[in-house]
Structures are given as structure tokens and as C-alpha cells.
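# Inside the fold
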Amino acid sequence: MGKLTIGCFSSLVGSMTLDFAVKLAEAAVKKGHEVDLWLSSNGTMLGKKGQSKFRDYSYLAGTVEELLKTGKFRITNCEACAKARGIDKGDTMEGFGIHSMDWYLASAFDADKVIHIGGE
Amino acid sequence: MKLAVFVNQYDEPAILDRLKADKFGIILVQNGVYHAAVKQNGEPSSILSRNAEFYALQEDLQSRGFSDGDVDSKVKVINFEGLVDLIFNDYEKFMWL
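Let me begin by describing the structure that accompanies this report. (Residues numbered from 1 in each chain as written. Chains lettered and ligands numbered in written order. Predicted model: local features only at pLDDT ≥ 70, side-chain atom pairs only at ≥ 80, totals over all residues.)

### Thoughts on helix 1 (residues 16-30) of chain A
When the terminal C-alpha atoms of helix 1 of chain A are compared, their 21 Å separation across 15 residues agrees well with the 21 Å that a helix rising 1.5 Å per residue should span. Along helix 1 of chain A, the residues classified as buried are Thr 17, Leu 18, Phe 20, Ala 21, Val 22, Leu 24, Ala 25, Glu 26 and Ala 28 of chain A. Along its buried surface, helix 1 of chain A packs onto strand 1 (3-9), strand 2 (34-40), helix 2 (61-69), strand 3 (73-78) and strand 5 (113-117) of chain A together with helix 3 (80-90) of chain B. (Helix = DSSP H or I, 4+ residues; strand = E, 2+ residues; numbered from the N terminus. Expected span 1.5 Å × (residues − 1). Buried ≥ 20, exposed ≤ 12 C-beta atoms within 10 Å, placed from the backbone. Contact = placed C-beta atoms within 7 Å.)

Structure below.
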């Protein structure tokens, strides 16, 4: 088994790449791999507490919560991106990290595979 | 080096001309899957003429109304589990174009 680090520099609602990143992470964890997911820019909204599941809206928060329970999945917001959007630790769902970009770099150096997904 | 690139738009990124690898894979995702299933003037997308292995994500094909039968024979249809296997077993480096 290996470790996959994904960096996603994308948005939340309506974003195909964030949807892709979470589904890829889910498939990798199901296969026994470890996954680190770094979220930047509007992707940091994925960690917001109290999201609602609406029909026809992508609802990734539920998937993230289930992935966090596995112990094989870490997800972290870019601290500056989150703060710029008024999202602090208290606004963020349990288990979600908030760090500077050093976290992403350290994770990428430690990973077997890295996929850096650019913004839309 | 074994390099795979993700193509997520229905255009042909110019950088493809400058990429060289011992094994080169093109993974079509999101709107990139149109390359796998849509013909232009009766011809397959020109991206499929490149010297590469081609893959298309099944979920993205299905969400755009395509079935496996619509996909060019050069393209292997994979699901997310298959993509994870590609990442860990078949290629060393990845680029998102």
C-alpha cells in the first residue's frame, strides 16, 4: 500500500476538480492506501461546518466525514486561503486540518505519488 | 520515466507536443472525455493520434450521456478504482493540464 497526496486548488459547489479529488481519495482509501488532500483557494469551503445536502448539489462533506473515520485520510485547508474567506478553526468540521503550505510540501515529499490539480 | 497527464477540457493542450516519456499516458477526465467519444468531421479527436496510452473515466463519460460503446477503441474505460491502480502501478509522475 502507498500514500497518495492530492493538492486541489479549486472551488466547492460546481467544481468538477474538487469532486474528482474527493472521489479519487475515496477510491484510494477503499483500496487500502493512505491519502492526504490539501485544499487551497475556494476549496477550503469544503471544511465548513453545517453544510446542507440538497438535491442536484454535489455534497462532498458527507464523504469527507466517512473518509476521516477510516484513519487513512487526512484533509487540510490552506490557512491563508481559509482565513481570507473568514473560515477559522471554529468554523471547520472536526478532523479537518488548517495549516500553512508547509504541510502540503511535507506531505508531497513523503508521498509515493502526488497529483497537483490546478484551479478552474 | 513513466508519465501520465490528465486532460480535463475538450481542447488539445499545446504542452503535449513538448512532453516526452518512456511510457506516456493520457487520462481523459471531466470534459476531456469528449475526446474519447466525439468524432470531428467523422474522424476521431486528433489527440488520439498521439503516441500514448489512453484512458477515460467512466463516471465522466456516463454523466455526459456516453456509454462504453461510444468510446474509441484506442481508449480504455476505467473507473476510479482503476485510476487508483494506474496511479500506483503504471505511472511514476502525473500532470494536470
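### Some remarks on the interface of chain B and chain A
The extent of an interface is frequently quoted as the accessible surface area lost upon association of the parts. Contacts between the two partners involve 10 residues from chain B, matched on the other side by 15 residues from chain A. Taken together, the elements giving at least two residues each to the side of chain B that touches chain A come down to helix 3 and strand 5 (93-96) of chain B. The biggest single contributor to the side of chain B that touches chain A is helix 3 of chain B, with 6 residues. Of the residues belonging to the side of chain B that touches chain A, the class tally is 8 nonpolar, 1 polar and 1 charged. (Nonpolar A, V, L, I, M, F, W, Y, C, P; charged D, E, K, R; others polar.)

### Observations concerning helix 2 of chain A
All names here are of chain A. Turning to helix 2, its buried residues number three or more, namely Ala 61, Val 64 and Leu 67. What you see down the axis of helix 2 is that its buried residues fit within an arc of 120°, all on one side. More than 90 degrees from the buried face of helix 2, the exposed residues found are Gly 62, Glu 66 and Lys 69. Elements that come into contact with the buried residues of helix 2 comprise helix 1 and strand 3. A positive phi of about 75° marks Gly 71, the residue just after helix 2. (Arc of directions from axis to C-beta.)

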